[in-house]
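Topology and contacts: notes
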Amino acid sequence: IRKILKDINLHAGSLESYASLFNIILKIKPNEVYHLAAQSYVGYSFEDEFSTLNININGTHYLLSAVKEFADSKIKFYFAGSSEMFGKVKSVPQNEDTVFNPRSSYGISKVTGFHLTKNYREAYKLHASNGILFNHESPRRGFEFVTRKISHAVARIKNGSKEKLKLGNMKAKRDWGHAKDFVEAMWLMLQRDNPGDYVVGTGEEHSVDEFAKKAFGHVGLNYKDHIVIDQKLIRPAEVDTLLADSSKAKKILNWEPKVSFDDLVIDMVENDLKNINLV
């Protein structure tokens, strides 16, 4: 965020401290609150369920409660839900009426946050909306996530590294879109007069295998020459397929994703190629 630091004010706080969140709301008196913070790496949630549940559930509760104390100011609240809430899906594609069936403590924490947000909306009349966002990627993605893990490995290998990229379930399918498209959807939700719950995704499904093939292919490499399967990276309870039905968002928010899967992969690879010596 170095490029925009001069245009924003940062305030220290913690999701584990109600007092710090309350004081930030009191100090800045926001019109809109976007609750995006969480322990959001699904793989890690299997290693440390306790911190995942505590931070994600209590943090959401604390922030909602703090916003409620300033209900007269008409603050609009956004909660970042996740496609992981659907888990082992009951139907394909998934929309706002699809049954939640999470397969990780992360997914469970997001289902809880969803219902907390809905409860505060109904009980306290908050303008509180849930965005059930499917995988949204960008060059800013963390290195522990499979998409960035792939794009950064491509850049290193293209620059001479002899390493092998270790991946887990190559067959897992996700609905991958670009984060900048999805952030627009978040903003649109809070511009509505009435709050609601919205599924946001591209409506296209691609496997990890496809992502890797496209990423390596962009720099003229065969992905099969550079990847090895590591059984340790296979999750105890895998989510095999996630696919969004964003009909409601398209109809009510007039939202459409603009960046294609191919352009997303290329954007991430090109950024890592450009900055490979800076990381």
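For the structure itself, look to the data block above.
Read on for an overview of the structure. Remember, it's a predicted structure, so these values are computed and weren't measured experimentally.

**Some details on the overall build of the protein chain**
Summing up its helical and strand segments, the protein chain has 9 helices and 10 strands in all. Its C-alpha atoms give the protein chain a radius of gyration of 19 Å, within 12% of the compact-globule value 19 Å for 279 residues. Dimensions along the principal axes, computed over C-alpha positions, put the protein chain at roughly 60 × 45 × 40 Å. By the burial criterion, 46% of the 279 residues in the protein chain qualify as buried.

**Regarding the sheet that holds strand β8 (residues 197–200)**
In spatial order, the strands read β1-β2-β3-β8; together these 4 strands make up an open sheet with parallel pairing. This sheet does not close on itself; its edge strands, each paired only once, are β1 (32–35) and β8. Averaged over all pairs of adjacent strands, the angle between strand axes in this sheet comes to 20°, irrespective of strand direction. The strands touched by helix α6 (residues 179–190) are β1, β2 (76–82), β3 (127–133) and β8; relative to β3, the strand with the most contacts, the crossing angle is about 155°.

**A word on the packing of helix α7 (residues 208–218) against helix α9 (residues 261–275)**
Running from amino to carboxyl end, α7 crosses α9 at an angle of 55°, the nearest separation of the two axes being 9 Å. Taken together, the axes of α7 and α9 are oblique relative to one another. Considering how the two elements wind past one another, α7 and α9 form a crossing that is right-handed. Side by side, α7 and α9 meet where E210, F211, K214, A215 and H218 of the first sit next to F261, D262, V265, I266, M268, V269 and E270 of the second. For the contact of α7 with α9, the class distribution of residues is 7 nonpolar, 1 polar and 4 charged.

**As for the nonpolar core**
In this structure, I25, V33, V67 and F77 are the most contacted members of the largest nonpolar core, which totals 26 residues. Core analysis: the second largest hydrophobic core is formed by 23 residues, V154, A172, V208 and V219 among them.

**Section: the packing of helix α5 (residues 146–158) against α9**
Put simply, α5 and α9 touch, their axes get as near as 8 Å, and they point 45° apart. With respect to α9, the element α5 is oriented oblique. The hand of the α5/α9 crossing is right-handed. Here T147, R148, S151, H152, V154, A155 and K158 of α5 lie close against α9, whose contacting residues are M268, V269, D272 and L273. Of the residues in the contact of α5 with α9, the class split is 5 nonpolar, 3 polar and 3 charged.

**A closer look at the pairing of β8**
Burial along β8 is two-sided: the residues D197 and V199 and Y198 and V200 are all buried. Pairing between β3 and β8: 4 bridges, direction parallel. The residue bridging G131 from the neighbouring strand is Y198, located in β8.

**Description of α9**
Since the α-helix advances by 3.6 residues per turn, residues separated by three or four positions end up pointing in the same direction. Here α9 is 15 residues long and its end C-alpha atoms lie 22 Å apart, about the 21 Å a rise of 1.5 Å per residue gives. Considered for burial, the residues of α9 that qualify are F261, L264, V265, M268, V269 and D272. Buried residues of α9 fall within an arc of 120° about the axis and therefore sit on the same side. In this structure, the buried residues of α9 make contact with β4 (136–137), α5, β7 (177–178), β9 (206–207) and α7.

**Overview of the pattern of salt bridges**
What the rule picks out here adds up to 10 salt bridges. E69 is the salt-bridge partner of K68, the closest N and O atoms lying 3.4 Å from each other. In this structure, D272 and R148 form a salt bridge, with 2.8 Å as the shortest nitrogen-oxygen distance. Linking D272 in helix α9 with R148 in helix α5, this pair joins segments that are 124 residues apart in sequence. Both residues of the pair, D272 and R148, belong to the buried class.

**A short note on a nonpolar patch on the surface**
Together, I1, I4, L5, I8 and L10 line one region of the surface with nonpolar side chains, adding up to about 440 Å² of accessible area. Accessibility expressed as a relative area gives 61% for L10, which makes it exposed.

**Brief notes about the environment of V154**
You can see V154 is positioned in helix α5. Of the residues examined, V154 reaches a relative accessible area of 0% and is grouped as buried. Taking C-alpha positions, V154 is 8.7 Å from L221, a pair spaced 67 residues apart along the chain. Excluding residues that lie within four positions of it along the chain, V154 makes contacts with A215, F216, V219 and V269.

What counts as what
- Residues numbered from 1 in each chain as written.
- Predicted model: local features only at pLDDT ≥ 70, side-chain atom pairs only at ≥ 80, totals over all residues.
- Heavy atoms only, no water.
- Helix = DSSP H or I, 4+ residues; strand = E, 2+ residues; numbered from the N terminus.
- Rg over C-alpha atoms; globule rule 2.2 N^0.38 Å.
- Buried < 20%, exposed > 50% of the residue type's maximum accessible area, 1.4 Å probe, protein only.
- Pairing = 2+ DSSP bridges.
- Axes fitted to C-alpha atoms, helices over the stretch in contact; angles between N-to-C directions.
- Contact = heavy atoms within 4.5 Å.
- Parallel < 35°, antiparallel > 145°, perpendicular 65-115°, else oblique.
- Left-handed = near helix turned anticlockwise from the far one by under 90°.
- Nonpolar A, V, L, I, M, F, W, Y, C, P; charged D, E, K, R; others polar.
- Core = buried A, V, L, I, M, F, W, Y, C linked by side-chain atoms within 4.5 Å.
- Expected span 1.5 Å × (residues − 1).
- Arc of directions from axis to C-beta.
- Salt bridge = Lys/Arg side-chain N within 4 Å of Asp/Glu carboxyl O.
- Patch = residues over 30% accessible without salt bridge, like charges linked within 9 Å, V, L, I, M, F, W, Y side chains within 5 Å.
- Areas by Shrake-Rupley, 256 points an atom, 1.4 Å probe, with all protein chains shown as cover.

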